[in-house]
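# Architecture and fold: a report
Each chain, letter by letter, is given below.
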Amino acid sequence: QARAPQLATTLTPPFVLGRDLSNEVGITYDPEKARALLTEAGYSDPSAFPPGTIIVNSAGDIATGAGFNMASAMAKMWKANLGVSVQVEDLKPPAFRERLKNNLPDMYRLGWVADVNDPDNFLREIFHSGSQVNYGKFSNSEFDQLVDRAKRSKDPVERQELYILAERLLCETEAAVMPLYRSTFP
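Here is a short report on the structure shown in this document. (Residues numbered from 1 in each chain as written. Predicted model: local features only at pLDDT ≥ 70, side-chain atom pairs only at ≥ 80, totals over all residues. Heavy atoms only, no water.)

### What about the overall build of the protein?
To keep things clear, this is the line we draw: For helices the rule is a DSSP run of H or I covering at least 4 residues; for strands it is a run of E covering at least 2, with both sets numbered from the N terminus onward. In this treatment the radius of gyration is a C-alpha quantity, and the globule benchmark scales as 2.2 Å times the residue count to the 0.38 power. For the exposure calls, accessible area comes from a 1.4 Å probe over protein chains only, and a residue counts as buried if that area is under 20% of its type's maximum, exposed if over 50%, partly exposed in between.
Tallying secondary structure elements over the protein gives eight helices and five strands in all. Reading the protein from its N end, one meets helices and strands in the order β-α-α-β-α-β-α-β-α-α-α-α-β. Over its C-alpha atoms the protein spans a radius of gyration of 17 Å, differing by no more than 12% from the 16 Å that the globule rule assigns to 186 residues. Put simply, the protein has 186 residues, and 39% of those count as buried.

### Considerations on the nonpolar core
Our working rule: Among buried residues, those of type Ala, Val, Leu, Ile, Met, Phe, Trp, Tyr and Cys that are joined through side-chain atoms within 4.5 Å constitute a nonpolar core. We call two residues contacting when some pair of their heavy atoms lies within 4.5 Å.
Within the largest apolar cluster, 22 residues are counted, with the highest numbers of intra-cluster contacts made by L11, L123, F127, F143 and L170. Among the elements that line this core, the one with the most residues is helix α8 (residues 156-173), at seven residues. The contacts of F127, once residues within four sequence positions are left out, are L11, F122, N134, F138, F143, D144, L170 and V177. Formed by eleven residues, the second largest nonpolar core is a distinct cluster that contains L38, I54, V84 and V86.

### A few points about helix α4 (residues 95-102)
Since the α-helix turns once every 3.6 residues, residues separated by three or four places project in the same direction. Heads up, the condition is: Within this analysis, the arc is defined by the directions that extend from the helix axis to the C-beta atoms.
Considered for burial, the residues of α4 that qualify are F96, R99 and L100. Angularly, the buried residues of α4 cover 100 degrees about the axis, an arc narrow enough to put them on a single face. Buried residues belonging to α4 abut β2 (52-56), β3 (86-90) and β4 (107-108).

### Here's the deal with a nonpolar patch on the surface
Under the convention used in this document: Residues forming no salt bridge and having over 30% relative accessible area are the ones grouped into patches, like charges within 9 Å of each other and nonpolar side chains (Val, Leu, Ile, Met, Phe, Trp, Tyr) within 5 Å. Areas reported here follow the Shrake-Rupley algorithm with a probe of radius 1.4 Å; residue values treat only the protein chains shown as occluding. Salt bridge criterion: a side-chain nitrogen from Lys or Arg within 4 Å of a carboxyl oxygen from Asp or Glu.
A cluster of nonpolar side chains, contributed by M178, L180 and Y181, occupies part of the molecular surface with about 250 Å² of accessible area. Assignment of secondary structure puts M178 in the loop between α8 and β5 (181-182). When its relative accessible area of 48% is taken as the criterion, M178 is described as partly exposed.

### Looking at the environment of E24
In this structure, E24 sits in the loop between α1 (14-17) and α2 (31-40). With relative accessibility at 39%, the residue E24 sits in the partly exposed group. Sequence separation between E24 and R168 is 144 residues, and the spatial gap between their C-alpha atoms is 9.2 Å. Among residues more than four places away in sequence, those in contact with E24 are R19, R168 and E172.

Given below as structure tokens:
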């Protein structure tokens, strides 16, 4: 049975990285700052912001429809707090993966379960520019170098430091991913 989800600001779970980076790395919930950034980007009137789409694949959810319901709740919060409109689409496999490969939406909800208990499985496996599951086509040479160096390193302290720098690039500087929560299974 799954434990209650925990909010997340980084991709790699604390027990995998060996350190909890919550609210230290990544972007925290701050609607006021988000509105200021929209204004800075030229959208002082949020209704002028182009409508977006988030796709989800709720097939296989532990609770039927959980992915769709969560994305719908987020879309409602974005509308209420920021004034932006986001449509939610629920696509079943294989249409979901085909859409990610061939017609990338504005946003998508994707979960990850580690094959091995190592930060590499979350960072390099998913977001390295050469990864086959890098659906958003994130490409940052500094990130690639950090995770490649971390994979090769035999020093646990150095590996952790390199992965933390990579997390900062991914979840804060580039904001290529928006971690929302973590679930753990016994």
